[in-house]
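Okay, here's what each chain looks like letter by letter:
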Amino acid sequence: MTESSLDRHRRTEFDGARWETDYQRINQSYRAGYDAEDSGDNDAAVEHYAAAITTGEQIGDSMFHAYRHAYERIIALLRRTPDVETLERYCRTYIAHPVDESTRTRINQIIESI
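Source: prediction; values computed, not measured.

Procedures and definitions
- Residues numbered from 1 in each chain as written.
- Predicted model: local features only at pLDDT ≥ 70, side-chain atom pairs only at ≥ 80, totals over all residues.
- Heavy atoms only, no water.
- Helix = DSSP H or I, 4+ residues; strand = E, 2+ residues; numbered from the N terminus.
- Buried < 20%, exposed > 50% of the residue type's maximum accessible area, 1.4 Å probe, protein only.
- Contact = heavy atoms within 4.5 Å.
- Areas by Shrake-Rupley, 256 points an atom, 1.4 Å probe, with all protein chains shown as cover.
- Polar contact = N/O pair within 3.5 Å; in protein donor to acceptor, adjacent residues only side chain to side chain.
- Expected span 1.5 Å × (residues − 1).
- Axes fitted to C-alpha atoms, helices over the stretch in contact; angles between N-to-C directions.
- Left-handed = near helix turned anticlockwise from the far one by under 90°.
- Nonpolar A, V, L, I, M, F, W, Y, C, P; charged D, E, K, R; others polar.
- Core = buried A, V, L, I, M, F, W, Y, C linked by side-chain atoms within 4.5 Å.
- Parallel < 35°, antiparallel > 145°, perpendicular 65-115°, else oblique.

Colleague: Describe the overall build of the protein chain, listing the residues and the values that go with them.
Modeller: Per the secondary structure count, the protein chain includes five helices and zero strands. In the protein chain, the succession of α and β elements from N to C terminus is α-α-α-α-α. A burial count over the protein chain gives 35% of its 114 residues as buried. Considering only intrachain contacts with a sequence separation of at least 6, the fraction spanning at least 24 residues in the protein chain is 49%. Of the roughly 7,200 Å² of accessible surface on the protein chain, a fraction of 48% belongs to carbon and sulfur atoms.

Colleague: Quick rundown of the side chain of Thr103? Include the residues and the values.
Modeller: Relative to the helices and strands, Thr103 is located in helix H5 (residues 101-113). Residue classification places Thr103 among the buried residues on the basis of a relative accessible area of 5%. Within the structure, the side chain of Thr103 is placed 3.3 Å from the side chain of Arg68, a separation counted as a polar contact. Ignoring any residue separated from it by four or fewer positions in sequence, one finds Thr103 in contact with Arg68, Glu72 and Tyr94.

Colleague: Would you mind going over helix H2 (residues 42-59) in detail, with residue names and values included?
Modeller: End to end, H2 covers 26 Å across 18 residues, agreeing with the expected 26 Å (1.5 Å per residue, within 8%). All buried positions along H2 are accounted for by Ala44, Ala45, Val46, Tyr49, Ala50, Ala52, Ile53, Thr55 and Gly56. Immediately beyond the C-terminal end of H2, within one or two residues, lies Gly60, with a positive phi of roughly 120 degrees.

Colleague: Give a description of the packing of H2 against helix H3 (residues 64-78) that names residues and reports values.
Modeller: H3 packs onto H2 with a crossing angle of 145 degrees between their chain directions and a minimal axis gap of 9 Å. Seen along the crossing, H2 lies across H3 with a hand that is left-handed. Touching Asn42, Ala45, Val46, Tyr49, Ala50, Ala52, Ile53, Gly56 and Glu57 of H2 are Tyr67, Ala70, Tyr71, Arg73, Ile74, Leu77 and Leu78, all from H3. Here the residues of the contact of H2 with H3 are counted per class, giving twelve nonpolar, two polar and two charged.

Colleague: Explain the nonpolar core residue by residue, including any values.
Modeller: Judged by nonpolar contacts, the single largest core of 29 residues is most densely connected at Ile74, Ile75, Tyr90 and Ile107. Broken down by secondary-structure element, the contributors of at least two residues to this core are helix H1 (5-38), H2, H3, helix H4 (84-95) and H5. Considering every element that reaches this core, the biggest residue donor is H3, with nine residues. Among all residues touching Ile75, those that are not within four sequence positions of it are Leu87, Tyr90, Cys91, Tyr94, Ile107 and Ile110.

Colleague: Describe the packing of H4 against H5, and please don't skip the residues or the numbers.
Modeller: Where H4 contacts H5, the axes come no closer than 10 Å and their chain directions differ by 160 degrees. As summarised for this structure, H4 and H5 are arranged roughly antiparallel, according to the angle between their axes. Here H4 and H5 pass one another in a crossing that is left-handed. For the pair H4 and H5, the contacting residues are Leu87, Glu88, Cys91, Arg92, Tyr94 and Ile95 in the first and Thr103, Arg104, Ile107, Asn108, Ile110 and Ile111 in the second. For the contact of H4 with H5, the per-class residue count stands at seven nonpolar, two polar and three charged.

Here you go:
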């Protein structure tokens, strides 16, 4: 049985709506992290960035562009704490994604310095 044009159109509309909803969930957590960081509440910022990353990871690599910067921010904030295990975990998870070579090198240097 072949998929009708109408069925394909409905599926495309559903996928587009789901993509928008997923993107907004990630962006909401990221913005909350940015606002918390901007107001000096780094602990809350880490929690919000972690939520953006968790949401993104559950969705998959198709949304990596939406939560990539949350990795950058959480790594920067965790470098200021004694929680090296969490820092290393985020670093390793980050570079498991398709990142450019300079980012991979920089993150590997952070891991090596732990």
